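Given next are the chains, with one letter for each unit.
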Amino acid sequence: MTKAYDQFINLQKKLKEVSDLAGFSESFYNIIKEPERIIEANIPVKMDDGTTKTFRAFRSAHSSALGPSKGGVRFDESVTYEEVKVLSTLMSLKVALLGLPLGGGKGGIVVDPKKLSERELEGLSRGFVRAINNYIGPRIDVPAPDVNTNAKIMGYFTDEYIALNGGRHDIATFTGKSVDMGGSLGRAEATGFGVYLTIKKYYEKIGKSLEGATFALQGFGNVGSFAAKYLVEDGAKLIALNSKDKNAESGSSAVFDANGLDPETLEKARETTGSALNIDAKKISNEEFFALDCDILIPAAMENVIDETNAENVKARLVVEAANGPVTEAGEAILNEKNISLIPDILANSGGVLVSHYEWIQNITGSYWDEEEVRNKQEKDMTKAIEEVFETADKYKVNYRKAAFILSLSRIEKALKLRGRI
């Protein structure tokens, strides 16, 4: 069995556990334990050398109880049938947690996009839309960027969709587009800002200030860099960064400075040298990074980086899942035993899908917002969700992940009851 298959089985177990804890019916669990629809397709692409290759593609729509499916499309060799099932289910929980009128979706193509020319990449993108055209639309399923996809790919998607549908400019079918194609201002930093906001609200809950709080960050991509920027601006101190390192045997390593690392300096190093680690700071190993004595540990890069092999060494008082699934089931169990608080990914990194929702609204209404309006709305909507998770955790006396699941599932269950499905 694949790792993704095991993850899906573990997710189903978690859904059952939370459903039983919150008193949801067996009928409800039977509905939400599997996606409503999964499309599989082989996409033929004529390559530059004249040959034709086919690429396996998937699109999963987990739930339509609250509204049309919403979620990213990734181009990666690791994409599997089970992976899109896991990710679409988690997206359903994420959008429900935010109180959005959406369901969860996720798609992917099994490909290494770095091996394709620009023409081949465009052909693959357009082929994907042709394969799923009858099952996407502003009121059906709304794809967005994910791993190895971006605004340019969304441009190909959008143009092909319009061509296939009689020239109808339903640009709300896709989000994550460039601003010039109807994308939303404020989207680039939305996820990182949301990570910062979640930490800020947690600190307010425990009666502390971020001033002087130390944090270690894994990953300095879009999410990690903006999270660091806002945390440092609010008085927190970035003492270590773990990131890609082509010179390291493991492919990554870390730098440490007890006096604090400057996000702007890290950004300049990344832009000029290709790595944020190329600065004047002490080099430490990955093992040392995860064992640092700090207030906050933020894994903002890869999945499954905190597991049974290193969770016992974690000394941070708070772990915040800025990436998707960075803490394994076994790793979380150890953190719980050590009374280390954990803020789950479906809350911490939900800022991106929230602002994608704003893009969807703006496209449908034709009324566009400035960046300040987007930021203020994101802060208001995320604060509401964060506070509701904290209240639910206190009510049920459970950790934040279970609280987030309970809150999300209660909204999906209510919608299903109102629709007469259960």
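Our subject is the structure that appears above.
Predicted model, so just to flag it, every value in this text is computed and none were measured.

Colleague: Would you take a moment to explain the packing of aromatic side chains for this structure?
Modeller: Ring pairs (aromatic) are described by centroid distance and by the angle formed between their planes. Enumeration over the complete set of coordinates arrives at 14 aromatic pairs. Taken together, a centroid distance of 5.1 Å and an interplanar angle of 85° make the contact between F289 and F290 edge-to-face. Taking the relative accessible area as the measure of exposure, F290 reaches 9% and is therefore buried. Between the aromatic rings of F390 and Y400, the centroid separation amounts to 5.1 Å while the plane-to-plane angle is 50°, which identifies the pairing as tilted. Of this pair, F390 sits in helix α13 (residues 371-396) while Y400 sits in helix α14 (residues 400-418), placing them 10 residues apart in sequence. Here F390 and Y400 have matching classes, each one buried. One aromatic cluster is present, built from ring pairs that chain together F128, F157, Y161 and F174. Stacked on the ring of Y29, the Lys or Arg K16 has its end atom at 5.8 Å from the ring centre. When the ring centre of Y230 is taken as origin, the NZ or CZ atom of K229, which lies over that ring, is 4.3 Å away.

Colleague: Explanation requested: the packing of helix α6 (residues 190-205) against helix α7 (residues 222-233) in the structure shown.
Modeller: α7 packs onto α6 with a crossing angle of 45° between their chain directions and a minimal axis gap of 7 Å. The orientation of α6 relative to α7 falls into the category oblique. By crossing handedness, the relation of α6 to α7 is classed as right-handed. Residues T191, G192, F193, V195, Y196 and I199 of α6 pack against V223, F226, A227, Y230 and L231 of α7. Partitioning the contact of α6 with α7 into residue classes produces 9 nonpolar, 2 polar and no charged.

Colleague: What am I meant to see in empty space enclosed by the protein here?
Modeller: A probe as big as a water molecule, rolled over the atoms, marks out the empty space that is left. In total, this model carries 1 cavity of 30 Å³ or more according to the counting rule given. Considering only enclosed or pocket space, the largest cavity measures out at about 40 Å³ in volume. As for the largest cavity, its lining consists of I31, I32, E36, H62, S63, A65, I412, L416 and R421. Of all elements in the fold, only α2 (26-32) and α14 reach the threshold of two or more residues within the lining of the largest cavity. For the lining of the largest cavity, the residue count by class is 5 nonpolar, 2 polar and 2 charged.

Colleague: Where do I start with the pattern of salt bridges in this structure?
Modeller: Side chains carrying opposite charge are able to pair once their charged atoms draw close together. This model, assessed by the stated rule, comprises 36 salt bridges. As a salt-bridge pair, K417 and E413 come within 3.5 Å of each other at their nearest N and O atoms. With K417 and E413 both in helix α14 and 4 residues apart, the pair spans about one turn of that helix. Accessibility expressed as a relative area gives 11% for E413, which makes it buried. The network of salt bridges with shared partners includes E122, R126, R130, D159 and E160.

Colleague: Looking at this structure, I do not really get the layout of surface pockets. What am I missing?
Modeller: Roughly 200 Å³ of internal volume is contained in the second largest pocket. Contributing elements (two or more residues each) for the lining of the second largest pocket: α7 and α8 (263-273). In terms of residues, the lining of the second largest pocket owes the most to one element, α7, which gives 5 residues. Among the residues forming the lining of the second largest pocket, the class breakdown is 4 nonpolar, 1 polar and 5 charged.

Rules behind the numbers
- Residues numbered from 1 in each chain as written.
- Predicted model: local features only at pLDDT ≥ 70, side-chain atom pairs only at ≥ 80, totals over all residues.
- Heavy atoms only, no water.
- Phe/Tyr/Trp six-rings, centres within 6.5 Å; stacked < 30°, edge-to-face > 60°.
- Buried < 20%, exposed > 50% of the residue type's maximum accessible area, 1.4 Å probe, protein only.
- Helix = DSSP H or I, 4+ residues; strand = E, 2+ residues; numbered from the N terminus.
- Lys NZ or Arg CZ within 6 Å of the ring centre and 35° of its normal.
- Axes fitted to C-alpha atoms, helices over the stretch in contact; angles between N-to-C directions.
- Parallel < 35°, antiparallel > 145°, perpendicular 65-115°, else oblique.
- Left-handed = near helix turned anticlockwise from the far one by under 90°.
- Contact = heavy atoms within 4.5 Å.
- Nonpolar A, V, L, I, M, F, W, Y, C, P; charged D, E, K, R; others polar.
- 1 Å grid on protein atoms, 1.4 Å probe; cavity = no way out; pocket = protein on both sides within 12 Å on 5 of 7 lines; lining within 4 Å.
- Points joined across faces, edges and corners; volume = space filled by probe spheres on them.
- Salt bridge = Lys/Arg side-chain N within 4 Å of Asp/Glu carboxyl O.

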